[in-house]
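Examination of the molecular architecture
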Amino acid sequence: MGDSLLQIEGLRVKNDGDRTVRQFALDIDSLEVRPNDCILILADRCHGKSALRASLKAIFCQPLTEGNNLDIPQCEESKPIVHVDSLFRREDACFHEQGGDPKGLQAVEDRSTIIYCDDPLFPHTQNSSSREILDTVRKRSLTMMMASDPDRLQGTLEYLLTHQTSRILWLCNGRVFWNGLAGEFHTSVDALCGRYRSEAEQGRSTENFLRTIHAATQRFN
């Protein structure tokens, strides 16, 4: 497993209720997180960001390190079971949910902690704190996965693209649509957006989501 903190094959979560016609809220063939990773979870609304956060939280709530064909209950009993075909979790790896206040990172001691930051906002404001959090993560060589809602995505994506070693994991309909380095992203964004229009389930925010991506990548082209 090399230096991986977390490696998952076959991560699947079925949709609960009748919110969507898709069978799965999450259907990811492979996911790996390594120390010092900085990963942006790029997704339109209802395309898997929250399901991924909840799944990782459930995995780290269990007293296990690795195994095959695991059914993992989520922290809320009403939420669907998380299934993984194969799971490796490094013994010292742990999970930290980060809010909008960058001071919350003071509780994180080393890069074996996977920090998951879901649409970070400064407390009591509508201003994104993603830049401040990303700066702290980079200075301290921490490990982070960050998701941002389309409304506040442009600044986060733009800032992340300046650091070419960062990664982007783009989810579409709960599946991995694109996974690669931020430095490669802007060169393929036109083709990716065209493909997304033809493959994704369109929602009310889809065109705004794609315009935001284009706006964020403009100065890098």
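Check the entry above for the structure.
Residues numbered from 1 in each chain as written. Predicted model: local features only at pLDDT ≥ 70, side-chain atom pairs only at ≥ 80, totals over all residues. Heavy atoms only, no water.

This part is about the overall build of the chain. Scanning the chain from N- to C-terminus turns up five helices and ten strands. For 221 residues, the compact-globule estimate of 2.2 N^0.38 gives 17 Å, and the C-alpha radius of gyration of the chain, at 17 Å, lies within 12% of that figure. Seen along its three principal axes, the alpha-carbon backbone of the chain occupies a region of about 45 × 40 × 35 Å. Relative to its 221 residues, the chain shows a buried fraction of 52%. Summing over all exposed atoms, the chain offers an accessible surface of approximately 10700 Å²; the carbon and sulfur share of this is 44%. (Helix = DSSP H or I, 4+ residues; strand = E, 2+ residues; numbered from the N terminus. Rg over C-alpha atoms; globule rule 2.2 N^0.38 Å. Buried < 20%, exposed > 50% of the residue type's maximum accessible area, 1.4 Å probe, protein only. Areas by Shrake-Rupley, 256 points an atom, 1.4 Å probe, with all protein chains shown as cover.)

Below, the discussion takes up the sheet that holds strand β2 (residues 24-33). Read from one edge of the open sheet, four strands run β2-β1-β5-β4, paired in antiparallel fashion. For this open sheet the edge positions go to β2 and β4 (66-72), each flanked by a neighbour on one side alone. The sheet shows a mean angle of 15° between the axes of neighbouring strands, direction not considered. Here helix α1 (residues 49-61) sits on the sheet in contact with β1 (6-14), β2, β4 and β5 (82-89), set at roughly 120° to β1. (Pairing = 2+ DSSP bridges. Axes fitted to C-alpha atoms, helices over the stretch in contact; angles between N-to-C directions. Contact = heavy atoms within 4.5 Å.)

According to the stated counting rule, one finds 16 salt bridges in the structure shown. For D3, the salt bridge goes to R90, with nearest N and O atoms at 3.3 Å. With D3 in the segment before β1 and R90 in the loop between β5 and β6 (94-98), this pair connects stretches of sequence that are 87 residues apart. For K49, the salt bridge is made with D149, and the minimal N-O distance between the two is 3.7 Å. Note that K49 is positioned in helix α1 and D149 in the loop between β8 (143-147) and α3 (153-161), a separation of 100 residues in sequence. Its relative accessible area of 6% is what places K49 among the buried residues. By sharing partners, the salt bridges in this structure join R12, D27, D29, D85 and R175 into a single network. (Salt bridge = Lys/Arg side-chain N within 4 Å of Asp/Glu carboxyl O.)

We now examine unusual backbone geometry. One non-glycine residue, C46, lies in the positive phi region at around 65°. Following the sequence through the fold, C46 ends up in the loop between β3 (38-42) and α1. You will see that S141, though not glycine, has its phi angle at about 55°, which is positive. In this structure, S141 sits in the loop between α2 (130-139) and β8. Looking at S141, the relative accessible area reads 33%, which means it is partly exposed.

All quantities given are derived from atomic positions and should not be read as evidence of function.
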